[in-house]
Amino acid sequence: MSIHCERHGESGEDSAGFRTPPHALPGDQPRWPRDRVVDVEHIKLEVAVDVPGKSVGGTVSHTVTLFNDGLETVEFDAIDMAIGGVTVNEAPAEFDYDGQHLRVKLGRGRRRGERLTVAIDYRATPRLGLYFPGPDESYPEKPRQVWSQGQDEDSRYWFPCYDYPNDKATTEMVATVPESWFALSNGRMLSDRANGDGTRTFHWLQDRPHSSYLITLAAGEFTRIDASRDDLTIDYYVEPKDAESGAATFANTPKMIALFEKVTGVGFPWAKYSQVVVRDFVFGGMENTSATTMTENLLLDRKAMRDYSGDRLISHELAHMWWGDLLTCRDWSHGWLNESFATFFSLLWDEEHLGQDHYRQGVIENTDLYLGERYRRPIVTNVFNEPIDIFDRHLYEKGSVVLNTLRGLLGEDGFIRSIQRYCRENQERSVVTHDLVEAVEAETGRNLEWFFDQWLFKPGHPEFNVSWSWDEERKLASVNVKQTQSTEDGTPIFRVPLVVDFRTGRGKPVAFEVEATEREHTFVFGLPGKPDLCRFDPYNMVLKELNFEKSVGELRLQLRDDDSIAGRRAAAQSLGKKGGPEAIAALEAAVMGDRFWGVQAAAAKALGTERGEASREALLRCLTVKHPKARRAVVAALGEFRGDATVMAALEPLAKRDQSWFVEAEANRSIGKLRVEGSFAAIMANFDRPSFRQVVRVGCVDGLVELREERGLEAILSAARYGAPDQARAAATAASAQLGQHFEGRKKGLAEELVRLLDDPDFRVRIAASNALKTLGDPAFAPALDRMAERELDGRSIRMARENAAILRKGGQTTDEVKRLRNDVEQLREENIRLRDRLGRLEATARPAK
């Protein structure tokens, strides 16, 4: 499952100036794995959907085997259903139902190993689990569809079942839908029959066991795109109007399958692989066994294809066919075995398809996303309110980078063999982290319990301060390494095997393996002469934060010649902080000449950080850089030059038209940051222009926030209202508070509008409204968030409502004080930049001519 929703920073002070709580909120308790009284072996669903009534009904039959003698009752999860009757082995059975759980009485004398079929007639109008998107007055063009979403524990809302990941069963889906529709489900299709009454029935069989949250039904009017290979059906289902886009978006799927078969050592484990694109999907994608459901936001247009790809999401969901479906976490506390593996395998696809630099870029991006999380917690934890609470940057991105660290520790051969053994020996099983530990030890002989203990069962990561020096007389290089992370929250002092290397000129680096195990080490290395460059973990194999103090000369050399993008990016960032003519020249050369766009973008950002006149001129010259992602970074960096009319003149044409949608969006964002005369008109000229996923409108919304003019509120509020282009509504909702907080007279009315949006049909808008109330900072609205948490069903909405209510109650008025301090710091920074520029001009004037 891929989650596309707003994420936040570490526990501490958030962007609004409030102290954010730790991951576990008051009332959160340990959630232990669920007991099973029967083994569910087969589930057969025979249902018909009532599209106008948004309901489903029929019979679900569970074939179960008893674990123990004397079992008299078996319980199924079933929320808000009408139960018509129950049979056990075709005989009527008594049952109790409380609206949450269905308890079926089996009678006396049952024996261990006895096999029973429990058939339940039911009807439901689900509030979760099964969705019925369709047209209304505000969105009249939206087609009608029906689709399910079971993860984490929502299957119970649309059919009675044992709704927990620690059981697996084969399944059947017999679904009756409108006659013009197609219905997709797990496994292989057994039949497709027109009923002669305006309906048709599809019968699917999934003959290899999987967990109940992976059972799927997706129905609507779709076009099928066939990409099959000789031994496997591969297809994609999209609305007829999206056939061309769908074929282009999913084109790499067969190659991804081949790669993942090779890496796992296990052939594609299911009867087919289908992907279906639906409207209003509540996640980015969902790995239903053999039949992934995808958001319509994934589909590309031709312009977006220049610098955007859906491959990360597509490969993530595909990887789940092994990691999550074939091997499934026993309980959600070990969910990283599903999500971190799938996220890591997306990086492997980048490495295969685009090259090693793109893999390394992905590791850097995932590290940054994790570091931006609003708290620290162990990856493996069972303390939460809803399982979805732990589907965060730890479960996805941090875990993927830990797997990269494991790859570096074991080496390529040992890592791949361990992964293959783990996959091969645990097929169709429910797994925990120790299963992976055992596979590594069995395959390589290495006991890595210490590794998994610190990285998975404890919070945090190492934060290194590194420096080096040279002793010319003794020909020794000394590298001082300090771990500076706080250990108050349980974060350990990490045991970190890594590499330190040295290079002279363009020669081959001389590498040394070391191990950091204490707060501080000084490692000493004998070398024939003083090296030009020292690198610490040169290929970024270890998850960490690193502060490595170096001279401008060494940083320039590293930016120019390092073969690792991590080193070149770090050098660019450090040069931006140091500033000066030599740093600016090196950064401009990197923007225009580096062979990888990620380094070009980092160098552009560093020039924006420097913010002097010389860096501005360099960035204006860099607008000709070819790669659109690098050009986007240049445009973003130019937004740092507040009040600059020359920059405005350069950005305004790009805000109207560029080869990249994302450059256009960034230009509108930067125009707002400039805060010059004409900024508002330039942004509004692009506000209603259609674009891929409404990225230009979102850029305009952000630009209005940065501009800080009160008249921008009306445009933002109009973009947030129901009926506006839906892909920008959540961003506009959040932006309304980000801008409105600066206008005291608007706060109360804006907060009341946000309270109304807490009931919006789109859960993303509801979450954004919750976050926006936090931004406004009025504790009087905490009760509105309490009420939201009480009535919400979606776990993400519940979590954010609870968290934001707690923040408002604790925050008081600190947000205003923080804003004032930030404004003061910004003014001092701008004055410092102006003084530095003046000093530079004076020095240039005073320097004697040669």
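The structure this text deals with has already been given above.
Residues numbered from 1 in each chain as written. Predicted model: local features only at pLDDT ≥ 70, side-chain atom pairs only at ≥ 80, totals over all residues. Heavy atoms only, no water.

**Student:** Quick one: what's the story with the sheet that holds strand 4 (residues 73–77), residue by residue and with numbers?
**Tutor:** Strand order in the open sheet made by the three strands is 4-8-7, with antiparallel pairing throughout. Unpaired on one side and paired on the other, strand 4 and strand 7 (95–97) mark the two borders of the sheet. Sheet twist, expressed as the average angle between the axes of neighbouring strands with direction ignored, equals 15 degrees. Note that strand 7 and strand 8 (residues 101–105) share three bridges and pair antiparallel. Opposite D96, over in strand 8, you have R103 as the bridge partner. (Pairing = 2+ DSSP bridges. Helix = DSSP H or I, 4+ residues; strand = E, 2+ residues; numbered from the N terminus. Axes fitted to C-alpha atoms, helices over the stretch in contact; angles between N-to-C directions.)

**Student:** Would you mind going over the packing of helix 2 (residues 253–264) against helix 6 (residues 394–425) in detail, with residue names and values included?
**Tutor:** The angle between the axes and the distance between the axes are what describe a pair of packed helices. Remark: helix 2 packs on helix 6, axes separated minimally by 8 Å, with the N-to-C direction vectors making an angle of 95 degrees. Relative to helix 6, helix 2 is oriented roughly perpendicular. Residue-level contacts link K262, V263 and T264 of helix 2 to I416, Q420 and C423 of helix 6. Across the contact of helix 2 with helix 6, the residue classes break down as three nonpolar, two polar and one charged. (Parallel < 35°, antiparallel > 145°, perpendicular 65-115°, else oblique. Contact = heavy atoms within 4.5 Å. Nonpolar A, V, L, I, M, F, W, Y, C, P; charged D, E, K, R; others polar.)

**Student:** Can you explain helix 12 (residues 597–610)? Please cite residues and give values.
**Tutor:** Its 14 residues place the ends of helix 12 20 Å apart at the C-alpha level, agreeing with the 20 Å of an ideal helix rising 1.5 Å per residue. Counting buried positions along helix 12 yields twelve of 14 residues, so the element is predominantly enclosed. At the exit of helix 12 stands R611, carrying a positive phi of roughly 60 degrees. (Expected span 1.5 Å × (residues − 1). Buried < 20%, exposed > 50% of the residue type's maximum accessible area, 1.4 Å probe, protein only.)

**Student:** Give me the pattern of salt bridges: which residues, what numbers.
**Tutor:** Applying the stated criterion across every chain, the model contains 80 salt bridges. A salt bridge links D163 to R156, with the nearest nitrogen and oxygen atoms 3.0 Å apart. In this structure, D163 and R156 share a single accessibility class: buried. One salt bridge connects R421 with E425, and the closest N-O pair in it is separated by 3.1 Å. Taken as a pair, R421 and E425 lie in helix 6 at a separation of four residues, close to a single helical turn. The exposure class of R421 is partly exposed, given its relative accessible area of 21%. Residue E425 is classed as partly exposed on the basis of its relative accessible area, which comes to 45%. Via salt bridges that share partners, R34, D77, E153, R156 and D163 belong to a single interconnected network. (Salt bridge = Lys/Arg side-chain N within 4 Å of Asp/Glu carboxyl O.)

**Student:** Can you explain the pairing of strand 8? Please cite residues and give values.
**Tutor:** Because side chains alternate across strand 8, one face comprises the buried residues L102 and V104, and the other comprises H101, R103 and K105, none of which is buried. The sheet contact formed by strand 4 and strand 8 spans five bridges and is antiparallel. Looking across to strand 8, one finds that T73 is bridged to K105. Counted between consecutive antiparallel strands, the loop separating strand 7 from strand 8 contains three residues, among which G99 sits at a positive phi close to 90 degrees.

**Student:** Just give me the short version of the nonpolar core, but keep the residues and values in it.
**Tutor:** Burial of nonpolar side chains together is a common tendency in soluble globular proteins. Within the largest apolar cluster, 162 residues are counted, with the highest numbers of intra-cluster contacts made by V104, Y122, W322, W323 and W336. When residues in this core are grouped by element, the largest group, twelve residues, is from helix 6. When neighbours within four sequence positions are excluded, V104 is seen to be in contact with E72, T73, V74, F76, V86, V88, A93, E94, F95 and V118. In terms of nonpolar packing, the next biggest core, distinct from the first, is built from 71 residues, F596, V676, F687 and V695 among them. (Core = buried A, V, L, I, M, F, W, Y, C linked by side-chain atoms within 4.5 Å.)

Take it as geometry only, folks, not as evidence of what the structure does.
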